[in-house]
Amino acid sequence: MKKILYILILVLATACMDMRTTDPYEGNLHVLTVVTRWPSGDFDREGASVLVEDMNTGSSYASVTAADGNASFSLPNGLYRVTLNGRSGSEIYNGSADKVVLSGRDFSLDLNISVSRSGSIVIKELYCGGCKKLPLEGNYQYDQYFILHNNDYQVQYLDSLCFGTLSPYNSTASNPWGEIDFLPIIQAVWQFPGDGDDFPLQPGEDAVICLKGAVDHAAQYPLSVNLNKPGYFVCYNNTYFPNTTNHPAPGDRISVDRYLEVVIKTGQANAYTLSINSPTLVLFRARGVTIEDHVRSTDNVVPVPGSTVDNVVKVPFDWVVDAMEVFDGTSSNNNKRLPSAVDAGYVVQTDTYLGRSLMRKTDEEASAKAGYEVLEDTNNSLNDFYERERQSLHE
């Protein structure tokens, strides 16, 4: 009996030793080759960052492209998201692919690369997730805002700039659109007023836009923010959006000329809101036509597939000034909505009602040279944004 017992112990010890010293994936890895497909032109394809993320576990793997623009990874079977980001001078390279399946064999992924340039007006901060009502019980979500920033060395004008949010509202929702060559802006298109030079934004200057109540929310809920400040803009139109809980009359410090205009309302909601956990935000300016004439065409206002009540406005990619996409940090089932030509990545909001905002990073070196704040702008929210512990407007 003792001899048999010794043999059993030896076998178990050897097995434990093997488990500690061998790779559990050995023999189960496959090569994912990312083959980049570039538009015509002479581009520096070497050294672009490539990130591969396991969509189920959140594990990530990083590499850079070789001289031919390609990159390879040894990975276990899984469902992956691939993003590429690079820069050469003022040109920004981006590419992304969702739901890449690696199963039982090596796989070659053709990744289309889009080339763009950094913008002049960029989204600096988005606060959409709400906060606690402390010292009272419950949650509060009527204080959404975003901040725009002039990232250029020249004066920029907000006049006629438009914005909206994408269909579907949430990153966890099923996307009914498939492959399209436009951005489906849902619910409404908002536009800054002005005749072209009424609302200048100096280099490094910010503009605050209140999506809901332009009032002092912090007076009742200290973890919120005071949005009743001179110079702030507000989404306020009680004809199209009469819900006074979401859209109370703006505070006494908000001038009427800073009420934003509704170009068109395409949904049935009585309040305008972004998703609190995973919105998209798109800034755009009409080219070659006024936005009013654009939405008058029935070809440019179309129904959401499968819906009888909601329409969207078709916005061309080349109208986009800036955009960002947010993923829901409480879910592993997030889906990209913005194409890589607009935003190749995403920023994660870990949860709602925490008083946190999504903030664009500062380019410290560029800021020092320029003499004003210059923000990161790679057209990839994964690189450009981070989750801030408290809203920047919190006092």
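Thresholds, definitions, all that
Residues numbered from 1 in each chain as written. Predicted model: local features only at pLDDT ≥ 70, side-chain atom pairs only at ≥ 80, totals over all residues. Heavy atoms only, no water. Helix = DSSP H or I, 4+ residues; strand = E, 2+ residues; numbered from the N terminus. Pairing = 2+ DSSP bridges. Buried < 20%, exposed > 50% of the residue type's maximum accessible area, 1.4 Å probe, protein only.

Q: Looking at this structure, how should I read unusual backbone geometry?
A: Comment: phi is negative for the bulk of residues other than glycine, and the bulk of peptide bonds are trans. For the bond from Leu-134 to Pro-135, the omega torsion is 10 degrees, close enough to zero to count as cis. Within the secondary structure, Pro-135 sits in the loop between strand E10 (131–132) and strand E11 (139–140). Between Ser-167 and Pro-168 the backbone carries a cis peptide bond, its omega angle lying at 0 degrees. As for its position among the elements, Pro-168 is in the loop between strand E14 (162–166) and strand E15 (182–191). If you check the backbone angles, Lys-99 has positive phi at about 55 degrees while not being a glycine. Relative to the helices and strands, Lys-99 is located in strand E6 (residues 91–102). Of note in the backbone geometry, Gln-187 takes a positive phi value of approximately 80 degrees without being a glycine. Looking at the element boundaries, Gln-187 is found in strand E15.

Q: Quick question: what am I supposed to make of the sheet that holds strand E12 (residues 145–150) here?
A: Two modes of strand pairing occur in sheets, parallel and antiparallel, and in both the strands are linked by backbone hydrogen bonds. Strand order across the open sheet formed by six strands is E18-E17-E12-E9-E25-E26, with mixed pairing between neighbours. Each of the sheet's edge strands pairs with one partner strand only, and the pair in question is strand E18 (233–234) and strand E26 (385–388). Of the pairings in the sheet, the one linking strand E9 (residues 121–127) to E12 comprises six bridges and is antiparallel in character. What sits directly across from Ile-123, in E12, is Leu-148.

Q: Before we go on, may I ask you to explain the pairing of E15 in this structure?
A: Burial analysis of E15 places 10 of its 10 residues in the buried class, which makes it a mostly covered element. Pairing analysis gives four bridges linking E14 to E15, with the strands arranged antiparallel. The residue of E15 that forms the bridge with Cys-162 is Gln-191. Two elements, E15 and strand E19 (residues 261–265), share four bridges in a ladder whose sense is antiparallel. Among the inter-strand pairings, Val-189 is bridged to a residue of E19, identified as Ile-264.

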